[in-house]
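# Analysis of the macromolecular model
So the chains spell out like this:
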Amino acid sequence: MRPIGDAWVIIARAMSKKIHVDATAVRKIANLAQLGLSDDEIRTLPAELTTILEHVAQLDALESSDRPSGLGLDPRSGNLGRLREDRPSASLSSDVVARAAPESAAGFFRVPRVIRTAD
């Protein structure tokens, strides 16, 4: 199973002419994103996501080929904007960075666990 591919299938279906996100799609996307949604959220999110995707579809339908992208990056024309030259420079030592961290151990940052495992 390819989660990213599955998510794109959901989005592509929603972006077709008839845009509708249902509770099944919300559950699938939530599962792929490892989100714990309440039953109330699963009931309300389909309408909200449908509205968002309808607005995106309207933007997608606008003719914009004569305008540069908002970031000045247009991969279709080969214009990737003005990027600074990549030059090596001095960086902070791990000791300095560890002292600035809220919590560290053995030169590493300590952070709360954010990925759940199936135990």
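Think of each chain on its own: its residues are numbered from 1, step by step along the sequence as written. For this predicted model, a pLDDT threshold of at least 70 governs which residues receive local features, and a threshold of 80 or more governs which side-chain atom pairs are given and counted, while totals over whole chains, interfaces and linings are taken from all residues. Side-chain metrics rest on all non-hydrogen atoms present in the structure, leaving aside hydrogens and water.

## Observations regarding the overall build of the protein chain
Helix and strand counts for the protein chain stand at four helices and two strands. Helix and strand definitions follow DSSP, with helices as H or I runs of at least four residues and strands as E runs of at least two, each counted in order from the N terminus. Beginning at the N terminus, the succession of helices and strands in the protein chain can be written as α-α-α-α-β-β. Categorising residues by exposure relies on relative accessible area from a 1.4 Å probe, with only protein chains included: less than 20% of the type maximum marks a residue as buried, more than 50% marks it as exposed, and the intermediate range marks it as partly exposed. Counting every position in the protein chain, which comprises 119 residues, the buried fraction comes to 13%. Across the protein chain, the fraction of contacts at a sequence separation of at least 24, relative to all contacts at a separation of at least 6, is 41%. To be clear on the numbers: accessible area is Shrake-Rupley with a 1.4 Å probe, and residue cover counts the displayed protein chains and nothing else. Accessible surface, the protein chain: about 10,700 Å² in total, of which carbon and sulfur atoms supply 57%. By definition, residues are in contact when any of their heavy atoms lie within 4.5 Å.

## Some points on helix α3 (residues 39-61)
Taking 1.5 Å per residue, 23 residues should reach 33 Å; α3 reaches 34 Å between its end C-alpha atoms and fits that length. At L45, α3 shows its strongest bend, of approximately 35 degrees, with the proline P46 following within four residues. Among the residues of α3, those classed as buried are I42, P46, T50 and L53. Given the number of residues in a helix, its expected span is that number minus one, multiplied by 1.5 Å. Bend at a residue means the angle formed by two fitted axes: the first through the 7 residues ending at that position, the second through the 7 residues beginning there.

## Regarding the side chain of T50
Relative to the assigned elements, T50 resides in helix α3. Dropping the residues within four chain positions of it, T50 is found in contact with I19, H20 and V21.

## Topic: unusual backbone geometry
In this model, Q34 sits at a positive phi of 55 degrees, which is unusual for a non-glycine residue. Tracing the backbone through its elements, the reader meets Q34 in the loop between α2 (23-32) and α3. Residue Q34 is classed as exposed on the basis of its relative accessible area of 52%.

## Focus: the pattern of salt bridges
Salt bridges are defined as contacts in which a side-chain nitrogen from Lys or Arg sits within 4 Å of a carboxyl oxygen from Asp or Glu. On inspection of all chains with the given rule, the structure shows two salt bridges. Note that R43 is salt-bridged to D40, the shortest N-O span being 3.6 Å. In this pair, R43 and D40 are both assigned in helix α3, three residues apart and thus about one turn of the helix distant. With a relative accessible area of 59%, R43 lands in the exposed category. Notably, a salt bridge pairs E103 with R110, separated by 3.4 Å at the nearest N-O pair. Taking the relative accessible area as the measure of exposure, E103 reaches 44% and is therefore partly exposed.

## Overview of the confidence of the model for the protein chain
A residue's pLDDT is the confidence the predictor assigns to it, expressed on a 0 to 100 scale. When pLDDT is averaged along the protein chain, the result is 77, and 70% of the positions lie at 70 or above. Of all secondary-structure elements in the protein chain, the lowest mean pLDDT belongs to helix α1 (residues 3-14), at 57, while α2 reaches the highest, 92.

## Considering the nonpolar core
Ranked by size, the top nonpolar core spans six residues in total: I19, V21, A25, V26, I42 and L53. Mapped onto this core, the elements with two or more residues apiece are α2 and α3. Throughout this description, the term nonpolar core refers to a set of buried Ala, Val, Leu, Ile, Met, Phe, Trp, Tyr and Cys residues connected via side-chain atoms within 4.5 Å.

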